[in-house]
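Overview (structure and organization)
Listed here are the chains, written in short residue letters.
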Amino acid sequence: MKKYKVGSYIRISRDESYSKSDSIDNQIKLTDFYCKENKLEVIDKYIDNGYSGTSFDRPSFKKLLKDIDEGLINTVVVKDLSRLGRNYIMVGHYLQHYFPAKNVRFISINDNYDSLIHRNIMERLDVPLKNMMYDYVAYDISGKIKNSLRISKEKGNFIGSSVIYGYRKDPSDIHKLIIDNEAADVVRNIFQMYLLGLTKSEIANELNNREVLTPALYKKINNLGYTKPKKDNKWNYEIINRILRDENYTGTLVQGRRRNENYISHKKVKNPEKDWIKFENHHEAIIDKDNFIKVQERLKIQRRKTNKNDILSGYLKCADCNGAMMLVKGKKNEYYYCRNSISKKICTKHTFRKEYLLEEVLNQLNLKKLDDQKIKELSREVIIKYLDSVIVYEDKKLEVIMKYESELINN
C-alpha cells in the first residue's frame, strides 16, 4: 500500500480580508485534524504568512516544490483552493499538469476535492469554477485597494512602508513626514556640492571618503524601512542622481511614480508623470524650490548628448515645430537640419551651415553686456554657462535665449 507523505500548505495574504477560520493557526488545526482522521503522515508544514495568492513566488511554496522534486513528500493538503493561489491559470497548471506529472496527491479539504478519488478534474466542474471565482476575487480586491490608496494619496496622506531618505514618519501621524536632521544634512550637502560644480561621481566619492552611510544602510540601522541595495554599500552616481531629482525634498509629496504591472504580477513599472499624485506643502522642505529648480536645469543640460563635432547638440530648436536640429555632414561642409523634417517629414529643413550658425550665436552672445566676462570664442563651457537654447528660423535667423539672463546682465 502506498504511503502518503503530506506537506500541509498554509497561506494568508497581508492585504486579504479574511475570517478567523482563515487564520494561520486555524488552517494548521484544520489540516492537522484532517490528516490525523485520515491516517496521513504530516512530514512538514509550509507556511507563507503575508504573501499574495496572485503570485507563486513565495518562499515556502517554492520549498514545497523542491521537496516534491526530491521525493520527500507526495501529498499536498490545503484548507481550500484559494490557499494554493488566486491565479486561475497557475492554479490550473498545478492541478492539471504539475501534480499529476509528479504523482502527487492533492487534497482541498473545504472543497471536498481529493485527486486520488477524482482522477480527472473535469469530473468536478465546481473546482475550476471556484478557481476562476478566487481569481476574480483577487482582481476585485486589488482594484478596491488601489482605488482606496489613490484616494488617500490625493488627500495628502503619505502611503508607504519606506520613507524617503532625509525624513521620518511623524510618530503622531504615520501619514505625515518630519525631517530626520542627520540625513537631511547629507541631502543639503549633496545639493550644495552639485550647485558648486561637482559631478555626481565626485559627490559620491566625497561621501564615501567621509564614510557617510548610504541611504539603504542608514535606513537599516535606524529601522526606517530598509531596502537592500542593488550594488555594494557605497555611494554611487545612481544614488546621487536619484536624490537630486526628487521633488519630495521641496516639501511637495510626490507619490504614484511606480505601480504594479497588473493584479497578478508584482513587478513594478513606471507611471507616466501625468499620473503622479502631488500634494504641495505637505511637509517641511529640506531644499528650497529655487535651488531645486537650478539643480534640475543643470541636470537637463547634462542630459543633452554631445559629441566632438556638434558643440550645440541639445540646444538648437526649430522655430516652427520646436523639434531638435541635427548636424548633417555634406561633401564639403556641415549643416544643421530640422530633425522632424528628415525623420518624420512634418517640417521644413531650416538648413543652416554650421560655421555660419556658430558665428551668429557668438555674435549674439557678445551683444550681451557681461562686464569683464567677455566671450571671445564659443566653447562647451560658455554654452553650459550662458545658453538656455537657440531658436532657428526658416529664413536663417537665430534667437539666442540666455540662461539666467537678467542675473548675468545685472551682475
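Quick notes on the rules
Residues numbered from 1 in each chain as written. Predicted model: local features only at pLDDT ≥ 70, side-chain atom pairs only at ≥ 80, totals over all residues. Heavy atoms only, no water. Core = buried A, V, L, I, M, F, W, Y, C linked by side-chain atoms within 4.5 Å. Buried < 20%, exposed > 50% of the residue type's maximum accessible area, 1.4 Å probe, protein only. Helix = DSSP H or I, 4+ residues; strand = E, 2+ residues; numbered from the N terminus. Contact = heavy atoms within 4.5 Å. Pairing = 2+ DSSP bridges. Axes fitted to C-alpha atoms, helices over the stretch in contact; angles between N-to-C directions. Parallel < 35°, antiparallel > 145°, perpendicular 65-115°, else oblique.

Quick look at the nonpolar core
- By size, the foremost hydrophobic cluster in this structure holds 32 residues, and its most contacted members are Y165, I190, F191, W235, I243 and Y249.
- Only β7 (173–179), α6 (181–195), α7 (200–209), α9 (237–244) and α10 (289–303) provide two or more residues apiece to this core.
- Those residues in contact with I243 that lie beyond four places of it in its chain are Y165, V187, I190, F191, P215, W235 and Y249.
- Counting 23 residues, the second-largest nonpolar core is a separate cluster that includes I311, L327, V382 and I383.

Side note on the pairing of strand β3 (residues 75–78)
- By the alternation rule, side chains of β3 split into T75 and V77 and V76 and V78, which are all buried.
- Where strand β1 (residues 5–12) lies against β3, 3 bridges are found, and the strand directions are parallel. Paired with V6 across the strands is T75, a residue of β3.
- Looking at chain direction, β3 and strand β4 (residues 105–108) are connected through 4 bridges and run parallel. Bridging across to β4, V77 finds its partner in I107.

Remarks on the sheet that holds strand β14 (residues 334–338)
- Reading across from one edge, β13-β14-β15 is the order of the 3 strands in this open sheet, with antiparallel pairing throughout. Two strands lie at the open edges of the sheet, namely β13 (325–329) and β15 (352–353), each paired on one side alone.
- In this sheet, β15 lies alongside β14 in antiparallel orientation, the contact comprising 2 bridges. Its bridge partner lying in β15, Y335 is registered against R353.

Some details on the packing of α7 against α9
- Here α7 crosses α9 at 110°, and the two axes come no closer than 8 Å. Accordingly, the angle class assigned to the pair α7 and α9 is roughly perpendicular. For the pair α7 and α9, contact is made by K200, S201, I203, A204 and L207 and by Y237, I240, N241 and L244, respectively.

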